[in-house]
Amino acid sequence: MNEGIRHVALWAPSLSRQLLEAARPGLRGAAWVLSPQAGGVHARLEDCSAAARELGIAPGMRLAELRRRFPAVPVVAPDPRALGSFRRILSALCEARTPVWELGADGATLDLSGAVHLFGGDWDAWAVQLRDDLARSCGVREVRLVAAPVRGVAEILVRSGIGEPGIDLCVPGSEKDRLEQVSLESVPWLSRKSRESLERFGMRSLGDVRRQPRAFLRLHLAADGDRLAALAMGLDPDPTKRVRSQSEELVLPRDENDREVLRSSVHQLADRLAFALRERSLGAHEISLRISWSDGQETSSHVRPPLPVEGFLSLREAAWKVLEQLDVRRVAVRALRLSAPRTFTLTGQEDLFAAPEVVRQRLLGSALDRVRRSQGFAAVGNALELA
């Protein structure tokens with residue numbers, strides 16, 4: 001038994017393509033592409049089949065170029081209902097294995113602390129059963145699984161493409177070696193500014209990062225430097241003891257199934273959380289949403305936007321995105337909790353080249369904050385509530 005391994009990251013690559021091929025067997029082995037847009041100058045391909053790749057088609061290609069060069073290749077749109085069904089199924093499969101888990105857009109993370117003995121530490125059998133359940137329930141067969149002592153390490157390795165099929169075990173003590181060749185492109189939470197700095201210094205892998213002094217990384221990458229340094233050493237890049245978490249909770253007047261009401265409630269929570277963050281001069285690297293259902297169950301998920309969240313609009317969009325990820329059960333919602341589990345101190349510097357709309361939003365937000373400080377938060381109503 002591999003003691004110390006308790007976090008599992010699951011990823012279904014090319015999920016939309018897999019779901020479409022499962023629902024439409026005629027697509028299997030054929031050349032076709034996936035695009036959410038049927039036209040437009042900037043429309044690009046989201047994914048393509050193996051047969052299409054053999055023709056020279058690749059994800060990211062402009063749709064106009066595809067139609068010019070390969071007019072006979074069909075364009076198929078993603079099926080949002082199939083994605084919702086997949087998340088409901090994955091939610092149930094995770095819930096059957098552990099009480100602590102989170103859904104992502106195309107995967108999940110499971111904390112099996114205290115549950116490993118239930119399958120005798122036989123990770124291969126555990127993985128085979130999970131894969132079979134997914135394949136039988138929704139036709140998704142390409143699944144990657146990584147188990148590691150640290151959640152952040154498992155999340156990075158599962159998308160790095162480095163490792164073995166089946167379930168890839170990262171045993172305690174091997175984290176640094178396993179992360180050595182992992183590309184920084186596999187680290188989803190790095191900001192664009194940090195990526196540009198890393199490219200300028202010639203650092204392209206976590207091994208390159210590990211060979212740099214922490215002070216150098218902190219100087220040039222700020223908070224990302226500390227997180228990268230920890231990850232490169234195989235440590236948790238998001239240690240709980242360093243988190244200055246902020247959260248807001250809302251218990252609904254009645255158990256609710258109406259998705260528009262839920263979006264409005266999340267909008268209200270985002271407004272309150274954004275105000276609480278501004279009052280403390282904080283921004284957020286991560287947004288988390290927990291749903292309490294009417295049957296007593298709870299599910300949660302998070303999103304790490306490519307750019308730090310520093311205002312209400314970006315926070316609300318991130319929260320709505322998480323709500324869509326968690327909309328996996330046909331059960332009424334009882335309560336919502338919106339959190340910023342990873343925060344940072346705002347510098348107070350303003351972007352001199354910000355768009356006029358951004359400047360207007362910032363000025364309006366400052367004016368509303370002054371009203372709320374003097375007359376209470378409820379003095380300014382939620383726009384969706386008034387609509």
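Here, every reference points to the structure presented above.
Trainee: Is there a simple way to explain the overall build of the chain in this structure?
Mentor: Along its length, the chain carries 15 helices and 12 strands. Taking 21 Å as the expected radius of gyration for a compact globule of 387 residues, we find that the chain reaches 22 Å, a close match to that expectation. Burial statistics for the chain: of 387 residues in total, 49% are counted as buried. Looking at the chain alone, contacts between residues at least 24 apart form 63% of all its contacts between residues at least 6 apart.

Trainee: Is there a simple way to think about the pattern of salt bridges in this case?
Mentor: Any two side chains of opposite charge can pair, given that their charged atoms come close. Enumeration according to the criterion identifies 30 salt bridges in this entry. For the salt bridge of Glu199 with Arg204, the shortest nitrogen-to-oxygen distance reads 3.1 Å. Using a relative accessible area of 46% as the deciding quantity, one classes Glu199 as partly exposed. The structure contains a network of salt bridges with shared partners spanning Arg17, Glu21, Asp47, Arg53 and Glu142.

Trainee: Which parts of the structure should I look at to understand the environment of Arg290?
Mentor: Relative to the helices and strands, Arg290 is located in strand E10 (residues 282-293). Arg290 gets classed as partly exposed once you look at its relative accessible area, which sits at 28%. In this view, Arg290 contacts Glu249, Glu298, Thr299, Ser300, Ala335, Leu336 and Arg337; residues no more than four positions away in its chain are not counted.

Trainee: Got a minute to help me understand unusual backbone geometry in this structure?
Mentor: For residues other than glycine, phi is negative in most cases, and the peptide bonds are mostly trans. Its identity is not glycine, yet Ser14 carries a phi of approximately 50°, on the positive side. Mapped onto the fold, Ser14 is located in the loop between strand E1 (7-11) and helix H1 (15-23). Its relative accessible area of 26% is what places Ser14 among the partly exposed residues. With a phi angle near 55°, Ala222 is a residue other than glycine that sits in the positive phi range.

Trainee: Explanation requested: the packing of helix H4 (residues 80-95) against helix H5 (residues 123-138) in the structure shown.
Mentor: Two quantities define a packed helix pair, namely the angle between the axes and the distance from one axis to the other. Where H4 meets H5, the closest approach of the two axes is 10 Å, and the angle between their N-to-C directions is 150°. Classified by the interaxial angle, the pair formed by H4 and H5 is roughly antiparallel. For the pair H4 and H5, the sense of crossing is right-handed. Side by side, H4 and H5 meet where Phe86, Ile89, Leu90 and Leu93 of the first sit next to Leu130, Asp133, Leu134, Ser137 and Cys138 of the second.

Trainee: Can you walk me through the environment of Arg210 in this structure?
Mentor: In this structure, Arg210 sits in helix H9 (residues 206-210). Each C-alpha atom, one on Arg210 and one on Gln375, is 51 Å from the other, the two residues being 165 residues apart in sequence. In contact with Arg210, not counting residues within four places along its chain, are Lys176, Glu180, Ala232 and Met233.

Trainee: What is the right way to look at the sheet that holds E10 in this model?
Mentor: Across a sheet, paired strands are connected by hydrogen bonds in the backbone, their directions being either parallel or antiparallel. The strand order across the open sheet built from nine strands is E8-E7-E1-E6-E5-E11-E10-E12-E9, with neighbouring strands paired in mixed fashion. Each having just a single partner strand, strand E8 (167-169) and strand E9 (246-256) make up the two edges of the open sheet. Averaged over all adjacent pairs, the angle separating strand axes in this sheet is 20°, with direction ignored. Note: E9 against strand E12 (residues 333-345), seven bridges, orientation antiparallel. Within the sheet, the bridge partner assigned to Glu248 lies in E12 and is Leu338. H4 rests against E1, strand E5 (101-103), strand E6 (107-111) and strand E11 (298-303) of the sheet, and its axis sits at about 170° to E5.

Trainee: Sorry if this is basic, but what is going on with the pairing of strand E7 (residues 144-148) here?
Mentor: The element E7 is largely enclosed, with a buried count of five among its five residues. Side chains Arg144, Val146 and Ala148 of E7 all project onto a buried face; the interleaved residues Leu145 and Ala147 project onto the opposite face, where all are buried too. Two strands pair when backbone bridges link them, and E1 and E7 are joined in this way by five bridges, in the antiparallel orientation. Among the inter-strand pairings, His7 is bridged to a residue of E7, identified as Ala148. In the sheet, E7 pairs with E8 via three bridges, with the strands oriented parallel. Each bridged residue has a counterpart across the sheet, and for Val146 the counterpart in E8 is Asp168.

Thresholds, definitions, all that
- Residues numbered from 1 in each chain as written.
- Predicted model: local features only at pLDDT ≥ 70, side-chain atom pairs only at ≥ 80, totals over all residues.
- Heavy atoms only, no water.
- Helix = DSSP H or I, 4+ residues; strand = E, 2+ residues; numbered from the N terminus.
- Rg over C-alpha atoms; globule rule 2.2 N^0.38 Å.
- Buried < 20%, exposed > 50% of the residue type's maximum accessible area, 1.4 Å probe, protein only.
- Contact = heavy atoms within 4.5 Å.
- Salt bridge = Lys/Arg side-chain N within 4 Å of Asp/Glu carboxyl O.
- Axes fitted to C-alpha atoms, helices over the stretch in contact; angles between N-to-C directions.
- Parallel < 35°, antiparallel > 145°, perpendicular 65-115°, else oblique.
- Left-handed = near helix turned anticlockwise from the far one by under 90°.
- Pairing = 2+ DSSP bridges.

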